[in-house]
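Summary of structural features
What follows is each chain in one-letter form.
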Amino acid sequence: RQLVRGWSHELQAFAPRILAHRPTTTDSGELAMALLSSLMTGFGALIGSPRPSRARLVSRLLATRADVRASMARLEPYTPPIWAESLSPVPTMRVSLGQFPTPIHRWKPPGLEGVGVEMWVKRDDWSGMELGGNKVRKLEFLLAEAVSKNHDSVITIGGIQSNHARATAMGARLLGLEAHLILRTTKGLEDKDPGLVGNLLPERLAGAYVNLVTKSEYASHGSAKLLGIVEERLRSEGKNPYVIPVGGSNALGTWGYVEFVKELTTQMKESKLDFDEVILATGSGGTATGIALGLHLSGSSSKTRSFAVCDDEEYFHHMADVISEGMGVKLGEKGYPAAQNLLTIHQAKGRGYAISSEDELRMMARVAKETGLILDPVYSGKALYGFLKIIKEHPSYWAGRRVLFVHTGGMLGMYDKAETLGQLLSEDGEGRFKHLFAI
């Protein structure tokens, strides 16, 4: 009787969830796993073992769904670091998309000579998922919610060469979800095929649906309204889309960089390394806020210094306030520092977002040639360029300091700069290539 009671109770709970799935060839496997979980509950009652919680059984079923549809992705229960347990709400699920921990190694980019600063780099450009960079960590939490709530598609927004949009498209397909992207382009190109340069190639190979808007349309409507337009259209078509904001930068996505701090502090302890400052680029605010808040909560003495590739310092401090509040923290109150003290921001957008100067590209080409590390022209390249600039302006402050540069990925964006890079490389190209059999 206990066996049948446990079996029927759990089957009733699981049946609506299973039947809500889109019909696929794997539904029979999911049903089998649900029945198996139910039987385990019944047998547990017979032998007197504790009955698994509903949440645990549901997480097992959803993890099985993700494993069946994408062998590289696993939906797992999430437990936060002890020092982050005061944050609220805490995510309950995380989908495994990345290859972590990412390594840290010594790095000596040109421009540090004679200053006395010791520089290391953390290779979040090696996070996996088709060069997903820092976006992978955010998507592990965002896409976990999309899967656990039975969404069948995702929508996000960004520039025409958005690393985040590309990473979202790849992660969505790994989990069997459609990807719908809103990409900002130059006026006059909004009705033309956007091509396959840089991030567009993997996005379109993965079957993403691309919606183009001009920069003026983006500015007049705003990202939230544009996302809402596509969401409404998809719902009218019978779909159940999950909306991800620009850069994946909201409270839930920022948990990816709370986890980054857990990973980093472990690496620092194991390698007996302490960093005075953590240096990175910021474009939407989530990565910088997550690192700064995580370092503060963990008790680390490392400070966060971010280089803005768009907008201004006031905007990013406001974003830090908004994101932190979504995680249950009011900066400037109850022992938390104000955003301006938590996170130092420098302006590094130069000529504009995703617009590279010749000097910036020349520096990136030199870094690649001398260190073997390829930066990206929109984020990490501008951050390093800005950092080298302030080192030259204040050499005494940086002398003797040890800093960690976070490489956030985005190498595919270099293809968008191929024409200018080609001109720069040709200046240094004499004797570097020739026909092997030329006389």
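The structure presented is a predicted model; accordingly, all values stated were derived computationally and were not measured. (Residues numbered from 1 in each chain as written. Predicted model: local features only at pLDDT ≥ 70, side-chain atom pairs only at ≥ 80, totals over all residues. Heavy atoms only, no water.)

Focus: the nonpolar core
One finds L384 and F387 to be the most contacted residues of the largest nonpolar core, which totals 100 residues. With 9 residues, the top contributor of residues to this core is helix α9 (residues 251-271). When sequence neighbours within four positions are dropped, the list of residues in contact with L384 reads W107, P109, M119, M363, V367, L375 and F405. (Core = buried A, V, L, I, M, F, W, Y, C linked by side-chain atoms within 4.5 Å. Buried < 20%, exposed > 50% of the residue type's maximum accessible area, 1.4 Å probe, protein only. Helix = DSSP H or I, 4+ residues; strand = E, 2+ residues; numbered from the N terminus. Contact = heavy atoms within 4.5 Å.)

Some points on a negative patch on the surface
A contiguous patch of negative charge on the surface is contributed by D311, D312, E313 and E314. Residue position: E314 is located in helix α11 (residues 313-326). (Patch = residues over 30% accessible without salt bridge, like charges linked within 9 Å, V, L, I, M, F, W, Y side chains within 5 Å. Areas by Shrake-Rupley, 256 points an atom, 1.4 Å probe, with all protein chains shown as cover. Salt bridge = Lys/Arg side-chain N within 4 Å of Asp/Glu carboxyl O. Lys, Arg positive; Asp, Glu negative; His and termini not counted. Charge placed at Lys NZ, Arg CZ, Asp CG, Glu CD.)

Comments concerning the environment of V115
You can see V115 is positioned in the loop between β3 (104-106) and β4 (118-123). Sequence separation between V115 and A399 is 284 residues; the distance between their C-alpha atoms is 5.6 Å. Leaving out residues up to four positions away in the same chain, V115 has contacts with I391, P395, W398 and A399.

Structural notes on the confidence of the model for the protein
Of all residues in the protein, 83% attain a pLDDT of 70 or more, and the chain-wide mean is 87. Low pLDDT, under 50, characterises residues 1-36; the predicted model gives this stretch 54 contacts beyond four residues in sequence or across chains. (pLDDT = per-residue confidence, 0-100.)

Comments concerning the packing of α9 against helix α10 (residues 286-298)
Packing of α9 against α10 leaves a shortest axis separation of 8 Å and a crossing angle of 50 degrees. Taken together, the axes of α9 and α10 lie oblique to each other. Read as a crossing pair, α9 and α10 show a hand that is right-handed. Contact with α9, carried on its side by T254, Y257, V258, F260, V261 and T265, involves G286, T287, T289, G290, I291, G294, L295 and S298 of α10 and no other residues of that element. In the contact of α9 with α10, the residues fall into 6 nonpolar, 8 polar and no charged. (Axes fitted to C-alpha atoms, helices over the stretch in contact; angles between N-to-C directions. Parallel < 35°, antiparallel > 145°, perpendicular 65-115°, else oblique. Left-handed = near helix turned anticlockwise from the far one by under 90°. Nonpolar A, V, L, I, M, F, W, Y, C, P; charged D, E, K, R; others polar.)

What to know about the sheet that holds strand β8 (residues 241-243)
Taken in spatial order, the 4 strands of this open sheet run β7-β6-β5-β8, and their pairing is parallel. Each of the sheet's edge strands pairs with one partner strand only, and the pair in question is β7 (209-214) and β8. When strand polarity is set aside, the average angle formed by the axes of neighbouring strands in this sheet is 25 degrees. The pairing of strand β5 (residues 153-159) with β8 spans 3 bridges and is parallel. When the bridges of β8 are listed, I155 appears paired with V243. Along the sheet face, helix α5 (residues 163-174) touches β5 and β6 (178-185) and points at about 170 degrees away from the line of β6. (Pairing = 2+ DSSP bridges.)

Structural notes on a nonpolar patch on the surface
Taken together, the side chains of L131, I374 and M411 present a nonpolar region at the surface, about 220 Å² in accessible area. The topology assignment puts I374 in the loop between α13 (358-371) and α14 (380-393). The partly exposed category is assigned to I374, whose relative accessible area is 38%.

Structural notes on the pairing of β7
Here β6 pairs with β7 via 6 bridges, running parallel. Looking across to β7, one finds that T185 is bridged to T214. Assessed by its sense of winding, the connection that carries the chain from β6 through helix α6 (residues 200-205) to β7 is right-handed. (Right-handed = clockwise from strand over helix to strand, strands pointing away.)

A short note on the side chain of T214
As for its placement among the helices and strands, T214 is situated in strand β7. Among the polar contacts listed, one links the side chain of T214 to the side chain of S216, at a separation of 3.1 Å. Those residues in contact with T214 that lie beyond four places of it in its chain are R184, T185, K187 and E190. (Polar contact = N/O pair within 3.5 Å; in protein donor to acceptor, adjacent residues only side chain to side chain.)

Examining the sheet that holds β3
Read from one edge of the open sheet, 6 strands run β3-β4-β12-β9-β10-β11, paired in mixed fashion. Edge positions in the sheet fall to β3 and β11 (343-347), since each has one partner strand and no second. When the angles between neighbouring strand axes are averaged without regard to direction, this sheet yields 25 degrees. Alignment of β4 against strand β12 (residues 402-407), held across 6 bridges, turns out to be parallel. Bridged to M119 within β12 is V403. The strands that α10 touches are β9 (277-282), β10 (303-308), β11 and β12; relative to β9, the one it contacts most, it runs at about 160 degrees.

Here we look at the layout of surface pockets
Each pocket or cavity is described by its volume, and for the largest pocket that value is around 890 Å³. Lining of the largest pocket is provided by 39 residues; of these, G159, I160, R184, Y353 and A354 occupy positions nearest its centre. At the level of elements, β5, α5, β6 and α7 (215-221) are the ones that each hand at least two residues to the lining of the largest pocket. The dominant element in the lining of the largest pocket, judged by the number of residues it contributes, is β5, at 3 residues. Each residue belonging to the lining of the largest pocket can be placed in one class, and the counts come to 17 nonpolar, 13 polar and 9 charged. Volume-wise, the second largest pocket comes out at about 440 Å³. Along the walls of the second largest pocket sit 18 residues, with M364, A365, A368, L421 and L425 positioned nearest its centre. When contributions to the lining of the second largest pocket are tallied by element, the ones reaching two or more residues are α13 and α16 (418-427). Per-element accounting of the lining of the second largest pocket gives the leading share, 6 residues, to α13. (1 Å grid on protein atoms, 1.4 Å probe; cavity = no way out; pocket = protein on both sides within 12 Å on 5 of 7 lines; lining within 4 Å. Points joined across faces, edges and corners; volume = space filled by probe spheres on them.)

What to know about empty space enclosed by the protein
Considering all chains together, one arrives at 1 cavity of 30 Å³ or more under this definition. Here the largest cavity is characterised by a volume of approximately 120 Å³. Taken together, 15 residues form the lining of the largest cavity, with N134, K135, A281, T287 and Y379 sitting closest to its centre. Grouping the constituent residues of the lining of the largest cavity by class yields 2 nonpolar, 11 polar and 2 charged.

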